[in-house]
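# Descriptive analysis of the structure
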Amino acid sequence: MLAGNGDGMSSKDSSPLESRLKREITGDVLFDPFSRGRYATDASFYQIVPAGVVVPRSIDEALRALAIARDDGRIVTPRGGGTSQCGQTVNDGIVIDFSKHLNRIISLDVENRTCVVEPGIVLDDLNRQLKRHGLWFPVDVSTASRATIGGMAGNNSCGGRSLRYGTMRDNTLSMDAALADGTLLHFGETPRDLSHLNSSDSGLALFRDMLALGAREAAEIADKFPKVQRRVGGYNLDALVPRNAANNLAHLLVGSEGTLALTTQVELKLWPVIRNKVLGVCHFGSFYEAMDAAQHLVKLRPIAVELVDRTMIALGRDIAMFRPVIDATVRGDPDALLIVEFAEEDQSDNLQKLKQLSELMSDLGFGWNNPPRKWGGVVDVVEPATQTAISDFRTSGLNVMMSMKQEGKPVSFVEDCAVPLPHLADYTERLNGIFAKHGTRGTMYAHASEGCLHVRPVLNLKLEKDVKAMRAIAEETFAMVREYKGSHSGEHGDGIVRSEFHETMFGPRIIADFKEVKQRFDPGHVLNPGKIVDAPKMDDRSLFRYPPDYRIGELKTALDWSAYPGAGGGFQGAVEMCNNNGACRKLEGGVMCPSYRATRNEKDVTRGRANTLRLAISGQLGPDALASDEMMDTMKLCVSCKACRHECPTGIDMAKMKIEVLAARNARRGLSLRDRLVGFLPRYAPLFARLAPLANWRNNSPLLRALFERVAGISAKRALPEWRRDVFKPDMEVFGPADGSEVVLFADTFNRAYERENLDAALRVLVEGGYRVHIPKAADNGRALCCGRTFLSAGLVDHARIELDRLVATYAPFAARGVPIVGLEPSCLLTLRDELLSLRSDATAKNISAHALLFEEFLVREAAAGRLRLPLGPVAAKALVHGHCHQKSFGAFKPVEQVLRLIPDLNVETIESSCCGMAGAFGYGADTYQTSIEMAELSLLPAVRRADAAALVVADGTSCRHQIKDGTDRAALHVARVLAMSLDSARSNPHLSPHEKESIHG
Ligand SMILES: Cc1cc2nc3c(=O)[nH]c(=O)nc-3n(C[C@H](O)[C@H](O)[C@H](O)COP(=O)(O)OP(=O)(O)OC[C@H]3O[C@@H](n4cnc5c(N)ncnc54)[C@H](O)[C@@H]3O)c2cc1C
Ligand code: SF4
Ligand code: SF4
């Protein structure tokens, strides 16, 4: 069972503390093992279970939580996005999560380019708000979509462009913070003569002592602090050294990792947004030559020089998202690329810089026709979209690396050492030698301009021998870094990984100074102890996420997980793929993770779910945790949108994992009435259709609605889809010309039962397009075919398998002769591309999967081949399109836009939306109705309400259309209906040219 593995404080009974916190704090107070487990990890390999978590609604509440915890003898660890890589945010005691509620801009001074923010604001969110003022905060960490300003200040974070903008410290003007004893102080520019400073007595005494320490230790600091920009290790004692008449004492707090004070607000220096930029992609035939060239390239004053090495290029080429940009910008077979970025005010200056870059490369002896060692040159990237694509590829470097499925993973511990540029080539060469000596390898990427390369040797930290190798690599690497007068902690901070090495790197006197600072700020060691000073050994396995006794018990799974290693046929490996990088906490862009966007709870984000699963299958949440109520609660708001499958850098497929949880639950606890109603819908649909008026009675009777909510948990606020007698049930099995190209039309349950107009329209479009359309009856002559989707969503895997077996048997002869299988409902058709293969991996199933296409995918493919002959006429001036999550997850949304663009005069606009919130049965649940509406209100419904009344609203998903109707009273259309309307228009419009009417699209 989950227990704290820290300093023993957690063994104390937490009930009185928990009750007091719950009495005095209105925000969440989480002391249950599942919640504590979710806050036990960050993006490091450590795990320390806190005694409890507080999610305060205000700064006052955060300070009250600090006081209550301190009175109870607990330690306190502040936390933002929890993306630290060195174990900064894991600790015993109480974790205070600033990210959910404390995320406002308090004030903004556009003229003087400054702002004051609460610590929980996410960088991307801040920059979105600053953009309209032409400003931005330029410490552009790779985790900008979830890193908070409080966490960035805590770690003294650095962006890829720190060459121009500096680190977090350089951009922090002042901070307000509370000491462990609750004293609130303002830290900012402080005159060395304190006689006129307005602060409390205790504040003045603290400032005086710190300035005195700086004066006393000036010589030692000058001697022992590395002279590289990327030095984020230890406390910033150099901020205390007398240089001018004043010192900025906020800079001592920056990088203090929550060990000195709780930050309550931060004043930031802002910069004008970059308006113009260009990239020069420098190619090198040898990695050493690339590293050696960096010191010369920086002389052209770029804002960044970023490394991408051979391994990363190869891994990137295997990822569909990155392949096009690699093909467009990478020439030949380089060993390394240096991406040099210029951002002068005037674009002509940037172009001039590119010219100088090419000249410099050739002065350094590189040429496209040279032998391998001096082979190279520059590919200019001027077009903004390509620049964004290549930057996305670069910043996804770590994630690209982490997509390895094997047991050994790239491990972060010497990941961000920085050395002076003239030593970079020798340093990297020797580093590779150290890795090889210990039987491993590492891929290097990132900030060549600062001599700060990211590198993660591949190790399996479940094995003692690899843990020993990690320690040896760390010791040898840090010794080498010291030799080059570099910094052992150049970007990600100290945490547990680096702190024990401070003594070797800075010497004993500076360590005594660090301890003096800690003692003076926090004499009771309340704030995040064990980081920066008094740290445990970095290889103390009892603090690891995978400690020596980590075991997965017997695990029976329903689906195929064989692509991964470990128990449960690989389920263990799939779950352990989550490295806590937090990309699922992004608040905008893409789809992942809609439930988190609605609630901002760690429980409701992919990371929280993956961590809960890992703890459950490894027995850390007690027996039978996989089938427990708490696990169900963790999965409850997962709408199975499959966005994580596509957008999570390590490919966590939570929708698939949820099926396992539901299956385990069903096996232990049986099926709820609601799950029964949802799961078996395809089976009872024919009967309900026959009884249509009676079956629809519930919608019209408030009493029945209330009753349904009580007994089946279906929200009384929702109308259920209306049953009808005239379901789609064609008499024939074949339509269209005998010599037409063959296609199978899959009539899914939803469109068949509720919206036959879509199937009628699709059939008509296909027939008028000249196709021979098959709608075969089931091979067993039984009920209509079904993809098993509803059964899967209820965890009824065996029933889904039965349905899919029937479907495979029916469609096998068609797939065998290459006939495409076309469907309308994304969640149904794409089941054939996805879950089918998790249930059956035989050649027939694979062939059916390979031939499954969405209606619009099929048409676009035909158009591209010049075979699509459809007489289309205008239907409206504008179509507003919402993509179904599964379309987006499978990269199948673009064809919707493409096919709509075949319609004359139609302006196609896509709504930037995440999940519609209806998500199958999710939106109908009484307990999930509210979240469903909140998801829809994030962007989809407001966009539809804003749309012109004459615009068409297009959505291929049955649930999406329902949500749009419920939320805006507008009827959204399947793309098949829009095309059918366009056929009508062409027929009825005498003004269309013959060419428009008989258009062949290609
Ligand atoms: C894939 C990946 C890429 C990364 N890329 C970069 C990069 O490009 N540059 C970079 O610098 N880092 C990078 N990091 C590290 C990390 O993302 C950054 O350090 C980030 O700024 C941390 O922000 P956070 O909100 O997650 O902070 P957290 O991890 O939650 O906290 C960081 C520290 O700040 C403290 N803290 C948080 N809030 C407060 C508060 N209110 N008061 C006092 N202390 C507080 C915490 O106790 C902790 O010690 C990367 C990490 C990952 C996983
Ligand atoms: S689920 Fe994916 S995106 Fe989220 S933290 Fe885990 S690995 Fe990162
Ligand atoms: S399937 Fe969707 S809702 Fe569920 S965890 Fe993944 S992104 Fe979040």
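From a predicted model like this one, the values you see are computed outputs, not experimental measurements.

To continue, consider the pairing of strand 17 (residues 376-381). Strand 17 sits mainly inside the fold: five of its six residues count as buried. When strand 14 (residues 278-284) meets strand 17, the two strands line up antiparallel, connected through six bridges. Across the sheet, the residue bridging to V281 is V379, located in strand 17.

Now for the environment of T477. For T477, the location among the structural elements is in helix 17 (residues 464-483). Sequence separation between T477 and I121 is 356 residues; the distance between their C-alpha atoms is 35 Å. When residues no more than four places from it in sequence are discounted, the contact partners of T477 are V414, C417, Y427, L431 and I434.

Take the packing of helix 35 (residues 797-816) against helix 38 (residues 843-851) next. As a packed pair, helix 35 and helix 38 sit with axes 9 Å apart at the nearest point and diverge in direction by 70°. Between helix 35 and helix 38, the angle is such that the two are roughly perpendicular. Crossing handedness for the pair helix 35 and helix 38: left-handed. Contact residues: L807, V808, Y811, A812, A815 and A816 in helix 35; T844, A845, N847, I848 and H851 in helix 38. Considering only residue class, the contact of helix 35 with helix 38 consists of eight nonpolar, three polar and no charged.

The next point concerns the pairing of strand 9 (residues 184-187). Side chains L185 and F187 project from strand 9 onto a buried face, and the interleaved L184 and H186 project onto a face without burial. Sheet analysis places strand 8 (residues 172-178) next to strand 9, joined by four bridges and oriented antiparallel. Bridge pairing links D176 to H186 in strand 9. Between the antiparallel neighbours strand 8 and strand 9 lie five residues, among them G182 with a positive phi of about 95°.

So, about unusual backbone geometry. Look at the link from M592 to C593: it is a cis peptide, with omega at -15°. By the secondary structure assignment, C593 is in the loop between helix 21 (571-576) and helix 22 (594-599). With a phi angle near 55°, K485 is a residue other than glycine that sits in the positive phi range. Relative to the helices and strands, K485 is located in the loop between helix 17 and helix 18 (495-499). Residue K485 is classed as exposed on the basis of its relative accessible area of 63%. In this model, K642 sits at a positive phi of 65°, which is unusual for a non-glycine residue. Among the secondary structure elements, K642 is positioned in the loop between helix 24 (629-636) and helix 25 (643-647). Residue class for K642 comes out buried when judged on its relative accessible area of 1%.

Moving on, we come to the nonpolar core. If you look at the biggest cluster of nonpolar residues, it comprises 114 residues, and the most contacted ones within it are F137, I149, F187 and L338. It is helix 17 that provides the largest number of residues to this core, a total of eight residues. Setting aside chain neighbours within four positions, we find L338 in contact with G280, V281, C282, F284, A290, M291, A294, L297, V305, E306, L307 and A448. One finds M592, L615, A753 and A892 within the second-largest nonpolar core, a separate group that totals 92 residues.

A few words now on the confidence of the model for the protein chain. Confidence in the prediction for the protein chain averages 94 pLDDT; 97% of positions are at 70 or higher. Counting interchain partners and residues more than four positions distant, the pLDDT-below-50 stretch residues 5-12 has 18 contacts.

Conventions adopted
- Residues numbered from 1 in each chain as written.
- Chains lettered and ligands numbered in written order.
- Predicted model: local features only at pLDDT ≥ 70, side-chain atom pairs only at ≥ 80, totals over all residues.
- Heavy atoms only, no water.
- Buried < 20%, exposed > 50% of the residue type's maximum accessible area, 1.4 Å probe, protein only.
- Helix = DSSP H or I, 4+ residues; strand = E, 2+ residues; numbered from the N terminus.
- Pairing = 2+ DSSP bridges.
- Contact = heavy atoms within 4.5 Å.
- Axes fitted to C-alpha atoms, helices over the stretch in contact; angles between N-to-C directions.
- Parallel < 35°, antiparallel > 145°, perpendicular 65-115°, else oblique.
- Left-handed = near helix turned anticlockwise from the far one by under 90°.
- Nonpolar A, V, L, I, M, F, W, Y, C, P; charged D, E, K, R; others polar.
- Core = buried A, V, L, I, M, F, W, Y, C linked by side-chain atoms within 4.5 Å.
- pLDDT = per-residue confidence, 0-100.

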